[in-house]
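Descriptive analysis of the structure
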Amino acid sequence: MLVRNPTSAISRSVEHLTLADGVALAADVYRPAGEGPWPVLLMRQPYGKDIASTVVLAHPSWYARHGYVVVVQDVRGMGASEGDFDCLRQELSDGAETVEWARSLEESNGKIGLYGFSYQAITQYLALAGGARVDAMAPAMGSFSPERDWVFEGGALRYAGMVGWALQMALLKAAHDGDRETHSALSALGGLEETARYLSGRPELSHLKRWLDNAESDWDQVSPQRLLKDRALDIPVLHTGGWYDFMLEGTLAADRAFREASPASAHLAIGPWTHMPWNGAIGGARMPEAETWSVDRANVAFFDFYLKNKGNPPPALTMFDIGDRRWRTFDRWPATAQKKLALASGGLAATLVNDGRLADEAESTEGEDVLVSDPFRPAPLVGGHVGEPSGFADRAAADDRSDVAVYTTAPFAQEFTLCGPLRADITINTTAPAFDLVATLSLVTPSGSANVIQTGITRTKNTGAPVGVGLRAAYVTVPAGFSLRLSLQAAAWPAFSLHAQDLASADGMEPLTLAIRHAASRLVLSVLKEDTVNGA
């Protein structure tokens, strides 16, 4: 069926591709007004083609108005497409076949670009792994290694997010299949634990049990990083990420892989966003109008340059500075140097918010702080990529808990900028055979707000060695008069499952006692080299 809007003169038709195995996939195809041919932009997604990533991106008709045939396809087993949905594992050959079909559409000029966000970004990588030939791609906030940057982090399951998303996909699958009984049962589930038990017992319905099993052989089938290891990635690419996106590490890893293959055609933009939505707000305040930056406009400029030989190449690197709320562009990653801060306290960092200190390494002491994690009132995670609320949130109230140890610098005398990865190396004394250590770095204002810069978690066996907690990358200017704060806790519920928890039940939980040894415990920062030269 062809639908034409007389105002926009954009036409939309529903068209079908019959795959080699006989399954038909449905797509909405948007065509510009006027005479072609035009390049094609393809998005493949599981949420219903009418949605088309509009939770974060402009409607496909907007892209069509800029001179592109835009194809939005329902993946196998979802929306109006036939077949059975099998999370990620179906996307290699289906994606490759779809790319060739879309390239040959009427009014196509033979050039094709891929775009889309989240699952729609991963389908781009998997299409390449399936053998697709594309001319440019713009993945936004996608996983490159699901076993490390999506499902698990630091060895811990991202519990609430994974169970919640598995429920969403199971509901969509039941609706697609017309299984009203299962849909009703899913809709009646109460809470994460009940949902995890139900979905783990229905492997024909949900991928959750397979992901919880965490088998290497399964990740071999769906991890873009593994599948693309020996593929040529010299394809023009614009990666879009968010400092508070839970897939940021995937975006950065993918950018490194494509940049290594073709530095001149690799472009990266990282904004002040969580996974969704994207807008101009940060920390409850609006950015100045002049500082807004449109992902959609950046996508079109990127595709115009590489698919139409029009305009100028995008910057190699575009990043939002969380601290001074400004966009910056670079032709390469800025040079940085490590700055290490030691932990110190009077032994009450888990009791008094102002007892723990971050200081120069020369002030390191032999003391310790003891915190106890009660599984019946576990510490929540506030701010960052999976906290509640997420983003540049104020976690000062959470720092007042007695199961959170807090270490704060004195106010800095001069401004400096953090740029790149952050890490906490913490020495722990405990009798537990295994434990979680959760770290949060915050920017503390003169008024006492503690806005989260980044968070991280490590689930580890008790070996007595220092525990390294990666806090992901950041770009933030620390103003003069502000402080940095490191918060340590042993739980981050419900963002992550508890350290001793059976993932499908609440059994096996015991209190956890951790002694944080100051000696050899360090916060490791990446600071712009120009700032270290100037004395920061």
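Residues numbered from 1 in each chain as written. Predicted model: local features only at pLDDT ≥ 70, side-chain atom pairs only at ≥ 80, totals over all residues. Heavy atoms only, no water.

1. Topic: the overall build of the protein chain
The following threshold applies: Under the DSSP-based scheme used, a helix requires at least four consecutive residues in state H or I and a strand at least two consecutive residues in state E, with every element numbered from the N terminus. Here the globule rule is a power law, 2.2 Å times the number of residues to the power 0.38, and the radius of gyration is based on C-alpha atoms. Burial classification: accessible surface area is computed with a 1.4 Å probe over protein chains only, and a residue below 20% of its type maximum counts as buried, one above 50% as exposed, and the rest as partly exposed. We call two residues in contact whenever any of their non-hydrogen atoms come within 4.5 Å of each other. Only four residue types enter the tally: Lys and Arg on the positive side, Asp and Glu on the negative side; His and the chain ends are excluded. Where a charge lies is defined by one atom per residue type: Lys uses NZ, Arg uses CZ, Asp uses CG and Glu uses CD.
On a plain count of helices and strands, the protein chain comes out with 14 helices and 25 strands. On C-alpha atoms alone, the protein chain measures out to a radius of gyration of 24 Å, which is about the 24 Å that the 2.2 N^0.38 rule sets for 536 residues. Projected onto its principal axes, the C-alpha coordinates of the protein chain cover approximately 75 × 55 × 40 Å. The buried share of the protein chain, taken over its 536 residues, is 58%. When contacts within the protein chain are restricted to residue pairs at least 6 apart in sequence, long-range pairs at least 24 apart make up 73% of them. Taking the 46 positively charged and 63 negatively charged side chains of the protein chain as two groups, their mean positions are separated by 3 Å.

2. Side note on the pattern of salt bridges
Defined as follows: Put simply, a salt bridge is a Lys or Arg side-chain nitrogen that is within 4 Å of an Asp or Glu carboxyl oxygen.
For the structure shown, the criterion picks out 34 salt bridges. Between Arg-89 and Asp-86 there is a salt bridge, with its nearest N and O atoms 3.4 Å apart. On the accessibility criterion, Asp-86 (25% relative accessible area) is partly exposed. For Glu-216, the salt bridge is made with Arg-226, and the minimal N-O distance between the two is 2.8 Å. Within this pair, whereas Glu-216 is found in helix α9 (residues 216-222), its partner Arg-226 is found in helix α10 (residues 224-227), the two being separated by 10 residues in sequence. You can call Glu-216 partly exposed: its relative accessible area is 49%. Arg-226 gets classed as partly exposed once you look at its relative accessible area, which sits at 25%. Members of the salt-bridge network, linked through shared partners, are Glu-147, Arg-148, Glu-216, Asp-220 and Arg-226.

3. Points about the nonpolar core
Note that soluble globular proteins tend to have their nonpolar side chains buried in a common cluster. What counts here: As used in this record, nonpolar core signifies buried Ala, Val, Leu, Ile, Met, Phe, Trp, Tyr and Cys residues forming a set joined through side-chain atoms within 4.5 Å.
Trp-243, Leu-418 and Leu-484 are the most contacted members of the largest nonpolar core, which has 84 residues in total. Looking at this core element by element, the count peaks at eight residues for strand β23 (residues 467-478). One finds Leu-157, Met-162, Val-222 and Leu-233 within the second-largest nonpolar core, a separate group that totals 68 residues.

4. Quick notes on the pairing of strand β2 (residues 11-18)
To keep things clear, this is the line we draw: In this scheme, strands are said to pair when DSSP sees at least two bridges between them.
Judged by which residues are buried, β2 turns out to be one-sided: Ser-11, Ser-13, Glu-15 and Leu-17 face inward and are buried, whereas Arg-12, Val-14, His-16 and Thr-18, on the alternate face, are not. The sheet contact formed by β2 and strand β3 (residues 24-31) spans eight bridges and is antiparallel. Across the sheet, Leu-17 pairs through a bridge with Leu-25, a residue of β3. The antiparallel hairpin formed by β2 and β3 contains five residues in its connecting segment, where Gly-22 sits at a positive phi of about 95 degrees.

5. Comments concerning the packing of helix α2 (residues 91-103) against helix α3 (residues 119-129)
In a pair of packed helices, the angle between the axes and the distance between the axes together describe the arrangement. Test applied: Axis definition: a line fitted to C-alpha atoms, over the contacting stretch in the case of helices. Angles run 0 to 180 degrees between N-to-C directions. Angle categories are assigned with fixed cut-offs, so that under 35 degrees is roughly parallel, over 145 is roughly antiparallel, 65 to 115 is roughly perpendicular, and the rest are oblique. Asp, Glu, Lys and Arg are counted as charged, while Ala, Val, Leu, Ile, Met, Phe, Trp, Tyr, Cys and Pro are counted as nonpolar; the rest, among them Gly, fall into the polar class.
Interaxial distance between α2 and α3 falls to 7 Å at its minimum, and their mutual angle equals 85 degrees. As the angle between them shows, α2 and α3 are arranged roughly perpendicular. When α2 is examined against α3, the residues Glu-91, Leu-92, Gly-95, Ala-96 and Val-99 are found in contact with a partner set consisting of Tyr-119, Thr-123, Leu-126, Ala-127 and Ala-129. Its residues assigned to classes, the contact of α2 with α3 comprises seven nonpolar, two polar and one charged.

6. Some words on the pairing of β23
Taken residue by residue, a regular strand's side chains alternate between the two faces of the sheet. With 10 of its 12 residues buried, β23 lies for the most part within the structure. Direction of pairing for strand β20 (residues 416-429) relative to β23: antiparallel, over a ladder of 10 bridges. Of the residues in β23, the one forming a bridge with Asp-425 is Gly-468.

7. Examining the packing of aromatic side chains
To describe a pair of aromatic rings, you give the distance between the ring centres and the angle between the ring planes. Quick reminder of the rule: Note on aromatic contacts: the rings of Phe and Tyr and the six-membered ring of Trp form a pair at centre separations within 6.5 Å, being stacked when their planes are under 30 degrees apart, edge-to-face when over 60 apart, and tilted otherwise.
One pass over the structure, following the stated rule, counts 23 aromatic pairs. Summarising the aromatic geometry, the rings of Tyr-63 and Tyr-115 are spaced 4.9 Å apart at their centres and angled 40 degrees between planes, so their arrangement reads as tilted. Of this pair, Tyr-63 sits in helix α1 (residues 60-65) while Tyr-115 sits in strand β6 (residues 108-117), placing them 52 residues apart in sequence. Taken individually, Tyr-63 and Tyr-115 each receive the classification buried, so the pair is uniform in this respect.

8. Some remarks on the packing of helix α5 (residues 159-177) against helix α6 (residues 180-187)
Put simply, the test is: For any helix crossing, the convention is left-handed if the near helix is rotated counterclockwise from the far helix by under a right angle, and right-handed if that rotation is clockwise.
Packing of α5 against α6 leaves a shortest axis separation of 8 Å and a crossing angle of 155 degrees. Judged by the inter-axis angle, α5 sits roughly antiparallel to α6. Every pair of crossing elements has a handedness; the one defined by α5 and α6 is left-handed. On α6, the residues that touch Leu-167, Ala-170, Leu-171, Ala-174 and Ala-175 of α5 are Thr-182, His-183, Leu-186 and Ser-187. A per-class count over the contact of α5 with α6 returns six nonpolar, three polar and no charged.

9. Structural notes on the confidence of the model for the protein chain
Detailed reading of the predicted model is not advised wherever pLDDT is low. For the record, the criterion: Values of pLDDT, which run from 0 to 100, indicate the predictor's confidence residue by residue.
For the protein chain, the average pLDDT comes to 92, and 93% of its residues sit at 70 or higher. Overall, residues 1-7 carries pLDDT values under 50, and its contacts beyond four positions in sequence, including any with other chains, amount to 13 contacts.

10. Details of unusual backbone geometry
With an omega of 0 degrees, the peptide bond running from Gly-36 to Pro-37 counts as cis. With respect to the helices, strands and loops of the structure, Pro-37 is situated in the loop between β3 and β4 (38-45). Phi angles above zero are rare outside glycine, and Ala-52 is one such case at about 55 degrees. If you trace the backbone, Ala-52 turns up in the loop between β4 and α1. Its relative accessible area of 1% is what places Ala-52 among the buried residues. Of note in this structure, Arg-325 is not a glycine but carries a positive phi near 55 degrees. Examined against the element boundaries, Arg-325 turns out to sit in the loop between β14 (317-321) and β15 (326-330). Taking the relative accessible area as the measure of exposure, Arg-325 reaches 24% and is therefore partly exposed.

11. Some remarks on helix α7 (residues 192-200)
Threshold: Directions drawn from the helix axis to the C-beta atoms are what define this arc.
Turning to α7, its buried residues are Thr-195, Ala-196, Leu-199 and Ser-200. Projected down its long axis, α7 carries its buried residues within an arc of 120 degrees, all on one side. On the buried face of α7, the contacting elements are α5, α6 and α8 (208-213).

12. Examining the environment of Ser-497
With respect to the secondary-structure elements, Ser-497 resides in the loop between β24 (483-489) and β25 (512-528). The class for Ser-497 is buried, based on a relative accessible area of 1%. Through-space distance from the C-alpha of Ser-497 to that of Ala-33 is 52 Å; in sequence the pair is 464 residues apart.

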